[in-house]
Each structure stands twice: as C-alpha cells, then as structure tokens.
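Chain by chain, the residues run as shown.
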Amino acid sequence: VAELIAGPSLDNSDGYDMRPGIAVSGSGIVTVAWAQWVGDDEGSTGPIMVCHGSSGQWGCGELAPASGVVAGKPAVAFADQTFHVVWRGGNGRLQRFFITCPHF
C-alpha cells in the first residue's frame with residue numbers, strides 16, 4: 001500500500017521533477033528531495049523541495065529558491081546521523097544542504 005506524503009502539489013512537467021532523490025536513516029526517517037518545475041513556456045526550474053519524516057508525520061517545504069536543475073535531480077544520502085542533499089545549480093557548481101537531528 002502506497003503512503004501519501006503530505007506536501008505541495010506537483011505540476012505535470014515532462015518528468016524531471018517527478019524523479020525525486022530519497023534516503024532513509026537507520027531509524028526509518030525518510031528524506032525526499034526534488035527540483036520543482038515552474039511551469040512556464042521556457043521550462044524553467046523552481047526551488048529544490050524536500051519532504052522529511054515517516055509514518056504519516058511529514059514536513060515539506062522549500063530547501064533552496066532557484067535550483068537551476070535542468071533534466072536532473074538532487075541526490076540524497078544518509079551518513080553520520082545527517083541527511084546530505086546535493087544538486088548542481090544553474091551556475092554549474094554543486095550545492096549541498098545538511099539535515100541533522102539527534103534521533104536519526
């Protein structure tokens with residue numbers, strides 16, 4: 001049975017924002033991140049979005065404003081009690097965000 005993750009609605013976008021990065025901690029906490037599609041005629045990308053939680057307890061929101069991700073997706077990994085979210089921005093440089101909490 002699929003679990004519904006509460007959060008922002010996703011516009012149909014030819015697919016790239018529908019390929020989220022995902023990682024799970026040892027205690028079952030899940031982080032899902034994607035580059036949100038803006039929906040304009042130029043196919044612009046919007047923010048990096050993230051949902052974080054487990055078992056019906058989800059928090060979702062914007063991680064970074066203008067992602068610059070085109071035909072790609074953020075990568076998410078869990079190591080050393082930290083979720084690491086990495087993406088290549090519009091300037092071609094890698095950007096990284098950390099999500100930490102003692103109960104991971």
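Look a little higher up for the structure.
None of the values given here were measured: they were computed from a predicted structure.

## Examining the overall build of the chain
Phase 1: Scanning the chain from N- to C-terminus turns up zero helices and seven strands.
Phase 2: From first element to last, N terminus to C terminus, the chain shows the α and β order β-β-β-β-β-β-β.
Phase 3: The 104 residues of the chain split such that 37% are buried.
Phase 4: When the accessible surface of the chain is totalled, it reaches about 6,200 Å², and 54% of it is carbon and sulfur.

## A few points about the environment of Leu94
Phase 1: Along the chain, Leu94 falls in strand E7 (residues 94-100).
Phase 2: Once you skip the residues sitting within four places of it in the chain, Leu94 turns out to touch Val86, Trp87 and Arg88.

## Brief notes about the packing of aromatic side chains
The way to describe two aromatic rings as a pair is by their centre distance and the angle between their planes.
Phase 1: With the rule as written, the count across this model stands at one aromatic pair.
Phase 2: Between Phe78 and Phe83 the ring centres are 4.8 Å apart and the planes differ by 55 degrees, which places this aromatic pair in the tilted class.
Phase 3: On the basis of relative accessibility, which here comes to 25%, the residue Phe78 falls in the partly exposed class.

## A few points about the sheet that holds strand E6 (residues 82-88)
Phase 1: Read from one edge to the other, the open sheet built from three strands follows the order E5-E6-E7, with strand pairing classed as antiparallel. Each having just a single partner strand, strand E5 (75-79) and E7 make up the two edges of the open sheet. Within the sheet, the average angular offset between the axes of one strand and its neighbour, ignoring direction, is 20 degrees.
Phase 2: Summarising the sheet, E6 and E7 pair through seven bridges and their orientation is antiparallel. Opposite His84, over in E7, you have Phe98 as the bridge partner.

## What about the nonpolar core?
Phase 1: Of all hydrophobic cores here, the largest spans 14 residues; its most connected members are Ile48, Leu63, Val76, Phe83, Val85 and Trp87.
Phase 2: Looking at this core, the elements with two or more residues in it are strand E2 (30-37), strand E3 (45-54), strand E4 (57-64) and E6.
Phase 3: Ranked by residues supplied to this core, first place goes to E6 with three residues.
Phase 4: Those residues within four positions of Val85 in sequence are excluded, and the remaining contacts are Ala33, Leu63, Pro74, Ala75, Val76, Gln95, Arg96 and Phe97.
Phase 5: In this structure, Val30, Val32, Met49 and Cys51 belong to the second largest nonpolar core, which totals six residues.

## Describing the state of the cysteines
Phase 1: Per the counting criterion, the structure on display carries one disulfide.
Phase 2: Here Cys51 pairs with Cys60 through a disulfide, and the sulfurs are 2.1 Å apart. Judged by the sign of its S-S torsion, about 115 degrees, the bond between Cys51 and Cys60 is right-handed.
Phase 3: Classification of Cys60 as partly exposed rests on a relative accessible area of 31%.

## Quick notes on the side chain of Thr31
Phase 1: Take Thr31: it is sitting in strand E2.
Phase 2: Among the polar contacts listed, one links the side chain of Thr31 to the side chain of His52, at a separation of 2.6 Å.
Phase 3: Excluding its chain neighbours within four sequence positions, the residues that come into contact with Thr31 are Gly21, Ile22, Ala23, Val50, Cys51, His52, Val76, Phe83 and Ile99.

Reading the values: the criteria
- Residues numbered from 1 in each chain as written.
- Predicted model: local features only at pLDDT ≥ 70, side-chain atom pairs only at ≥ 80, totals over all residues.
- Heavy atoms only, no water.
- Helix = DSSP H or I, 4+ residues; strand = E, 2+ residues; numbered from the N terminus.
- Buried < 20%, exposed > 50% of the residue type's maximum accessible area, 1.4 Å probe, protein only.
- Areas by Shrake-Rupley, 256 points an atom, 1.4 Å probe, with all protein chains shown as cover.
- Contact = heavy atoms within 4.5 Å.
- Phe/Tyr/Trp six-rings, centres within 6.5 Å; stacked < 30°, edge-to-face > 60°.
- Pairing = 2+ DSSP bridges.
- Axes fitted to C-alpha atoms, helices over the stretch in contact; angles between N-to-C directions.
- Core = buried A, V, L, I, M, F, W, Y, C linked by side-chain atoms within 4.5 Å.
- Disulfide = S-S within 2.5 Å.
- Polar contact = N/O pair within 3.5 Å; in protein donor to acceptor, adjacent residues only side chain to side chain.

Everything listed here is a matter of coordinates, which is why it stays silent on function.
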